[in-house]
Amino acid sequence: MNQALSFEQLRSLTPLNALSEPQWRLLRDQLVPQPLLAGQWLFRMGDQAPQTCFLLAGTLLLRDEAGREERLVAGSPASCHPLSPALPRRQEARALTDASVLVIDGATLDNLLTWRLAFQDLLLELDEGDGEDGWLEAMLNNPLFGKVPVDNVRAMFERLQVLELPAGSVILSEGETGDCCYFLKRGRVEVMRGTGSGQQVLAELEAGACFGEEALLADAPRNATVTLLEDGCVLRLDRGDFFALLKAPVVAEVGLGEAARLLASGAQWLDVRLQEEYERGHALEALNMPLHLLRLKSRLLDPARAYLCYCDSGKRSASATFLLVQNGFRAYALCGGVDALPAVQRDALLCDSGPGYLARSDGRVERSR
Ligand SMILES: Nc1ncnc2c1ncn2[C@@H]1O[C@@H]2COP(=O)(O)O[C@H]2[C@H]1O
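Residues numbered from 1 in each chain as written. Predicted model: local features only at pLDDT ≥ 70, side-chain atom pairs only at ≥ 80, totals over all residues. Heavy atoms only, no water.

A. Spatial organisation of the overall build of the protein chain. Within the protein chain, the regular secondary structure consists of twelve helices and 22 strands. Expressed along its principal axes, the backbone C-alpha trace of the protein chain runs to roughly 65 × 55 × 40 Å. Here the protein chain, with 369 residues, has 45% of them falling under the buried criterion. Of all intrachain contacts in the protein chain linking residues separated by at least 6 positions in sequence, the fraction that spans at least 24 positions is 71%. Summed over its atoms, the accessible surface of the protein chain is roughly 18200 Å², and 50% of this surface lies on carbon and sulfur atoms. The positive charge centre, built from 37 side chains, and the negative charge centre, built from 50, are 5 Å apart in the protein chain. (Helix = DSSP H or I, 4+ residues; strand = E, 2+ residues; numbered from the N terminus. Buried < 20%, exposed > 50% of the residue type's maximum accessible area, 1.4 Å probe, protein only. Contact = heavy atoms within 4.5 Å. Areas by Shrake-Rupley, 256 points an atom, 1.4 Å probe, with all protein chains shown as cover. Lys, Arg positive; Asp, Glu negative; His and termini not counted. Charge placed at Lys NZ, Arg CZ, Asp CG, Glu CD.)

B. The arrangement of the sheet that holds strand E4 (residues 59–64) in detail. Read from one edge of the open sheet, four strands run E2-E6-E4-E5, paired in antiparallel fashion. A strand with exactly one partner marks an edge of an open sheet, and here the two such strands are strand E2 (41–43) and strand E5 (69–73). The mean angle between the axes of side-by-side strands here comes to 25°, regardless of whether they run parallel or antiparallel. Relative to strand E6 (residues 91–95), E2 runs antiparallel, the two being bridged by two bridges. Each bridged residue has a counterpart across the sheet, and for Trp 41 the counterpart in E6 is Arg 94. (Pairing = 2+ DSSP bridges. Axes fitted to C-alpha atoms, helices over the stretch in contact; angles between N-to-C directions.)

C. Looking closely at the UniProt feature "domain: Rhodanese" (unreviewed entry) in the protein chain. What UniProt calls "domain: Rhodanese" (unreviewed entry) maps, in this numbering, to residues 263–346. In residues 263–346, the share of helix is 33% and the share of strand is 19%. The end C-alpha atoms are 17 Å apart. (UniProt positions renumbered as here; feature names shortened; annotations may be inferred.)

D. Focus on the UniProt feature "domain: Cyclic nucleotide-binding" (unreviewed entry) in the protein chain. Mapped onto this structure's residue numbering, the UniProt feature "domain: Cyclic nucleotide-binding" (unreviewed entry) falls at residues 144–246. Counting secondary structure, residues 144–246 comes out at 22% helix and 38% strand; the distance between its end C-alpha atoms is 9 Å.

E. The site of the ligand, seen in detail. Close contacts around the ligand come from 15 residues, with Gly 212, Glu 213, Ala 215, Arg 222 and Asn 223 the closest. With respect to the ligand, the side chain of Glu 213 contributes an N or O atom lying 2.6 Å from an oxygen atom. In isolation the ligand offers 460 Å² of accessible surface; the protein chains occlude 91% of this area. Sorting the residues of the shell around the ligand by element identifies strand E11 (189–193), strand E12 (200–205) and helix H6 (214–218) as the ones contributing at least two each. (Near = heavy atom within 4 Å. Polar contact = N/O pair within 3.5 Å; in protein donor to acceptor, adjacent residues only side chain to side chain.)

F. Broad picture of the domain arrangement of the protein chain. Segmentation of the protein chain into domains returns domain 1 (7–107), domain 2 (109–245) and domain 3 (253–367). One C-alpha centre belongs to domain 2, the other to domain 3; they are set 26 Å apart. Each side of the interface is counted separately: domain 2 has ten residues, and domain 3 has ten residues. When the area that domain 2 buries against domain 3 is broken down by residue, the three leading residues are Leu 144, Glu 214 and Leu 217, summing to 43%. (Domains from an automatic or database assignment. Buried area = accessible area lost by both parts, 1.4 Å probe.)

G. Fine view of the sheet that holds E12. As summarised here, the arrangement of the four strands in space is E9-E14-E11-E12, forming an open sheet in which the pairing is antiparallel. Both outer strands of the open sheet, strand E9 (170–172) and E12, are each paired with one neighbouring strand and no more. Adjacent strand axes in the sheet meet at a mean angle of 30° when their direction is disregarded. Here four bridges tie E11 to strand E14 (residues 225–228), and the two strands are oriented antiparallel to one another. Bridging from a neighbouring strand, Val 189 pairs with Leu 228 of E14.

H. Seen up close, the packing of aromatic side chains. Applying the stated rule across the entire model yields eight aromatic pairs. Measuring from centroid to centroid gives 5.6 Å for Phe 242 and Phe 243, while their planes differ by 85°, and the two rings are edge-to-face. In this structure Phe 242 comes out as buried when scored by relative accessible area, which is 0%. Residue classification places Phe 243 among the partly exposed positions, given a relative accessible area of 26%. Arranged with centres 5.5 Å apart and planes meeting at 55°, the rings of Phe 242 and Phe 322 form a pair that is tilted. You can see Phe 242 sitting in helix H7 (residues 239–250) and its partner Phe 322 sitting in helix H11 (residues 315–326), a full 80 residues away along the chain. Put simply, the rings of Phe 242, Phe 243 and Phe 322 pair up and form one aromatic cluster. The ring of Phe 43 is capped by Arg 89, whose NZ or CZ atom sits 4.3 Å from the centre of that ring. A cation over a ring is seen here: Lys 147 above Tyr 332, with NZ or CZ 6.0 Å from the ring centre. (Phe/Tyr/Trp six-rings, centres within 6.5 Å; stacked < 30°, edge-to-face > 60°. Lys NZ or Arg CZ within 6 Å of the ring centre and 35° of its normal.)

Here it is in structure tokens:
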């Protein structure tokens, strides 16, 4: 089986060499050389596929619109750069010998590079010189920080309260009222629901993870208990700071006018209320993913689509939007929920009824019955 490139090999490729080791790890599935047989095309003139390609072994022939040809040999200085980077492609590329290439999704690479530029200074500033800043990079790599201005992140770090805790410490308990959220700086935590024989482990989180945000967003009791599995360190962010610095930029709240514009450009309604609420009346072609099932079901959503979350009050939809953005989706929340709409608009919005629509794992949406 093909192996991902080593860090040493990645350091010779521009602009991959501008990324950090944790970012290379995020890309690892794409950092696997692909074989290209002699005579095979890598891309044709005018191709639009957003991919960044590098030649790793063998020889390619590049030809431009004017018929000018260039032989590109792996290991030469020119092969350290992306092949014909402009889209649509201004050159075509064909293997002259058996070759090996690296093909990376251009949008993902672009996001990682943009992130790097935005947070580079901050990472240097916050580096405590204790060799323990891997958590910081893991935390900032969370897609939600792609939406948070650097100044907010800086302000957030000024306000975080550092708590060193021994193994077994219960950081928050199911059913409690929440007045803060946490980031895990060091150690591992277990997220559990229920008690006694009904106890269930939901997840184990590692350094960089954010937790305890759902009670704040949904204005509901803590939905799980979070316990440190080993001695560790957590950073506590107060409710007010969470709302001002994180929630505000991450949860884009829209009114019906903006929602209509988003729908016209391909967005989809996502109803995060319970199934019974949904069946009584829902937005046209809305998918139903109740908030408590969203972590499980979001893999059925289409990463290329934008989702417009709604609920009754706007709280569950804010929580859903936050969760979706953390998972790399484009999501918006209907401001104030359907209850904030005048009755005529509310009835017009919830005009569809019955079991509704299902999302399939390939992002397809179908009527369920
Ligand atoms: N399935 C899950 N996976 C990961 N984290 C979870 C899961 N369920 C709940 N949590 C986290 O556990 C926290 C418990 O408190 P909150 O409800 O405030 O916020 C919750 C989430 O941050």
